[in-house]
Amino acid sequence: MQPTKISPATLAKLAKLGIHHRSDLLLHLPLRYEDETHLAPIAAVQPGETVQVQGNITHSEIAFRPRRTLVCRLEDGGGELYLRFLNFYPSQQKQLAVGKQIRAIGEVRMGHYGLEMVHPKCRAVDNDTPLQQSLTPVYPTTAGLAQPLLRKLITNALETLPLSDTLPDALLKRLKLVGFAASIQLLHNPTPDMAARALEERSHAAWRRIKFDELLAQQLSMRVHHRERSKRVAPILAPTLEPHQQLTARLIKALPFVLTKAQQRTFAEISRDLAQPHPMQRLLLGDVGSGKTIVAALAALQAIENGYQVALMAPTEILAEQHYLKLRDWLEPLGIVPVWLSGSLKKKDKQLTAEQIASGETLLAIGTHALFQQQIEFHKLGLAIVDEQHKFGVQQRLALRRKGAASKSVRGEPVEPHLPQANALRQAQGERPEGFNSNEPHQLMMSATPIPRTLAMSYYADLDVSVIDEVPPGRTPVITKLVSDERRDEVIARVRSACMAGQQAYWVCPLIDESEALQLQTAIETYEKLRAEFPELKVGLVHGKLDNAEKVRVMAAFKAGELQLLVATTVIEVGVDVPNASLMVIDHAERMGLAQLHQLRGRVGRGAAQSLCILLYQQPLSELARARLKIIFESTDGFAIAQHDLQLRGPGELLGARQSGVAMLRFADISADEGLLNHARKAADELLRDFPEAARAHLHRWMANKHDYLHV
Ligand code: ADP
Ligand code: MG
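Residues numbered from 1 in each chain as written. Chains lettered and ligands numbered in written order. Predicted model: local features only at pLDDT ≥ 70, side-chain atom pairs only at ≥ 80, totals over all residues. Heavy atoms only, no water.

1. A closer look at the pairing of strand E20 (residues 581–586)
For E20, the buried fraction is high: 6 of the 6 residues fall into the buried class. For strand E17 (residues 504–508) and E20, the ladder comprises 5 bridges, and the chain directions are parallel. Paired with Ala-505 across the strands is Leu-583, a residue of E20. Judged from the 4 bridges that link them, E20 and strand E21 (residues 612–617) form a sheet pairing that is parallel. Its bridge partner lying in E21, Val-585 is registered against Ile-614. What joins E20 to E21 is helix H20 (residues 594–601), and the crossover it makes is right-handed. (Buried < 20%, exposed > 50% of the residue type's maximum accessible area, 1.4 Å probe, protein only. Helix = DSSP H or I, 4+ residues; strand = E, 2+ residues; numbered from the N terminus. Pairing = 2+ DSSP bridges. Right-handed = clockwise from strand over helix to strand, strands pointing away.)

Given below as structure tokens:
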């Protein structure tokens, strides 16, 4: 048996799934199973069921309703159902010609003509085509990577790679764990006699073993990284005792609102971390609108009180600019004047700002990723704040962490006492040793992807988590409406009357995955159409390709109420705060992910007025799109939405983990598997103490491709 050759295109798709090495295929486990081991009589199937049926095609046509659709009728002697395809190839049409015998598997629902399956999986069969002997695994996948190919690659990996156990026998016996090889084989190819339910609910012994392994790997890596972090050095930024220097207290007093309990608590956690001689690495989680910015501003002031610089980074220019304006309002009265840095600044201005940062004249620099480009050197960076951190790549975050070190080596400040050890560790981890002083900044990361705290902690090897779990008082929840595209005219009328009554509205353009150019074109077309539609309104357009000055101008005009309708791409997804906007239309909402929809909707409902979010969708909806729209319609609680998102997509894609590779737990659930977690904790200590080889092998199996990212 030879390992299968994998094409570069397939490799890229596998990478999207977090599969970088052949051995990662082994741990890419099924999401669920399809039972192709028996056939259901059509007369007995119910809408909502996923079943396999077999019969003859008795009718086949291409209908236009309104889109070109292939519709076939399948009869098995006892009943009939329709198979419907929106995208199809001529070859498929041939395969589904009248008279053919077909086996189809899919979700049954009530359609136009009766029972139907939309885009079922079909194959031609004859009377004695055998049924499958084992349940068919369905793997998490990504666009363009078909199940059969993924299955083939995984089967090949199972046959060609060693599946040796990483754990000592005694441990397996004591914890009554089954072998790794047996578990993994069984989960990929369960026999039909196995209870599908136990597999899907992940309560089977094979799952127990895999979950244990995963939790153990997490515990091991947390210990390794904790040890490593405690050897790193950061400036002590304790709250100052000098009353006239207490900037944080002065800001709190000057605010037009009172901090929520959650804001006070999370700031206290951050404040305590900053006073430690080791770098803080804390994630501040809070739903959209929960008020993270003020907490970040307070953290910044505590660093500034100590004479250190602060960098605040945002993923888009719009957001960075907005932070700049807000923080300037808050901090200028205290004598702190922030600077603003973005890629689109004129060269001369950039130069000037860079000089102010390098000389230490500037204590607070706000900007986009331009802040951690190589030319930018900080004089004395004490704290780096990253807003909407899931939008940043890992490399960018690593670069920022190194900023503190780079600045110091230039200035020649005292040598870090732990440097030799720290560098040895860095080298062991494949990182470059740092400059002659590796004093590094504290890091505060913020995210509005509100996942349960226990889950968040399970995502990162070495990140402490603070959660803002309440929104400021006085907000009215947003009303959400789902509207089919056929009723677009009514939506347009609604926008008109709202804007005429003095409200402001967003119109969010459809997301087009394949092409940025196409997305831009769609945005411009939508804008032109709406402008023609609303001659009486002032309409603006904002998208990612506008130059900065223009973006700022449009956003400022919208904020000032000079524009009533803002047509926007998803660049407004993160952070944008215009409290008077109370209506949002999201075009082609079925194309967007849950987190994105929640973020977008969070742009309204920021003021006292009742807000409305209209999700325009195009029929027919895929199973997944339908599930997403239902969730977003039913819930406005970001934590609940994230929990559903997790169930729909699996944790790999939450939190931008897809791009950063930091998702730590894919299979175990910290709250449900608490017993296993306790075993894993003890086993981790035992392994590190008595079986370091086993610990290393185990970490290698589970963490190989995450290694670079674990200490970001
Ligand atoms: P997010 O957590 O989404 O970043 P922001 O920091 O942008 O939220 O805050 C949302 C809005 O709520 C802002 O206009 C902010 O000034 C306001 N805000 C923050 N904290 C409070 C509070 N405790 N009481 C009232 N309003 C607040
Ligand atoms: Mg924000």
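Here the narrative resumes.
2. Concerning the site of ligand 1
Taken together, 17 residues form the shell around ligand 1, and within it Val-258, Gly-289, Lys-292, Thr-293 and Arg-475 come nearest. In this structure, Val-258 approaches ligand 1 through a main-chain N or O atom, which is 2.8 Å from a nitrogen atom. Here an oxygen atom of ligand 1 sits 2.6 Å away from a polar atom, N or O, in the main chain of Gly-289. Surface burial for ligand 1 is 86%, taken as the share of its 570 Å² of free accessible area covered by protein chains. A per-class count over the shell around ligand 1 returns 5 nonpolar, 6 polar and 6 charged. (Near = heavy atom within 4 Å. Polar contact = N/O pair within 3.5 Å; in protein donor to acceptor, adjacent residues only side chain to side chain. Areas by Shrake-Rupley, 256 points an atom, 1.4 Å probe, with all protein chains shown as cover. Nonpolar A, V, L, I, M, F, W, Y, C, P; charged D, E, K, R; others polar.)

3. Things to note about the nonpolar core
Leu-251, Leu-331, Leu-383, Ile-385 and Leu-444 are the most contacted members of the largest nonpolar core, which has 63 residues in total. Broken down by element, the residue count for this core peaks at 10 residues, all from helix H11 (residues 292–305). Ignoring anything within four residues of it in the chain, the contact list for Leu-383 reads Leu-274, Met-280, Ala-299, Ala-300, Ala-303, Gln-309, Val-310, Ala-311, Pro-441, His-442, Gln-443 and Leu-444. By size, the runner-up hydrophobic cluster in this structure holds 48 residues, among which are Leu-27, Tyr-33, Leu-215 and Ala-680. (Core = buried A, V, L, I, M, F, W, Y, C linked by side-chain atoms within 4.5 Å. Contact = heavy atoms within 4.5 Å.)

4. Topic: the side chain of His-698
Tracing the backbone shows His-698 in helix H25 (residues 692–703). Judged by its relative accessible area of 0%, His-698 falls in the buried class. Engagement of the side chain of His-698 in a polar contact is seen with the side chain of Thr-166, the distance being 2.8 Å. If near-sequence neighbours (up to four positions away) are discounted, His-698 is found in contact with Thr-166, Leu-167, Asp-213, Leu-216, Ala-217 and Leu-220.

5. Thoughts on the packing of helix H8 (residues 205–230) against helix H24 (residues 674–690)
Taken N-terminus to C-terminus, the directions of H8 and H24 make an angle of 55°; their axes are 8 Å apart at the nearest point. With respect to each other, H8 and H24 are oriented oblique. Relative to H24, H8 is oriented so that their crossing is right-handed. Counting all contacts with H8, which are made through Arg-208, Lys-211, Phe-212, Leu-215, Leu-216, Gln-219, Leu-220, Arg-223 and Arg-227, the residues of H24 involved are Leu-676, Leu-677, His-679, Ala-680, Arg-681, Ala-683, Ala-684, Asp-685, Leu-687 and Leu-688. Of the residues in the contact of H8 with H24, the class split is 11 nonpolar, 2 polar and 6 charged. (Axes fitted to C-alpha atoms, helices over the stretch in contact; angles between N-to-C directions. Parallel < 35°, antiparallel > 145°, perpendicular 65-115°, else oblique. Left-handed = near helix turned anticlockwise from the far one by under 90°.)

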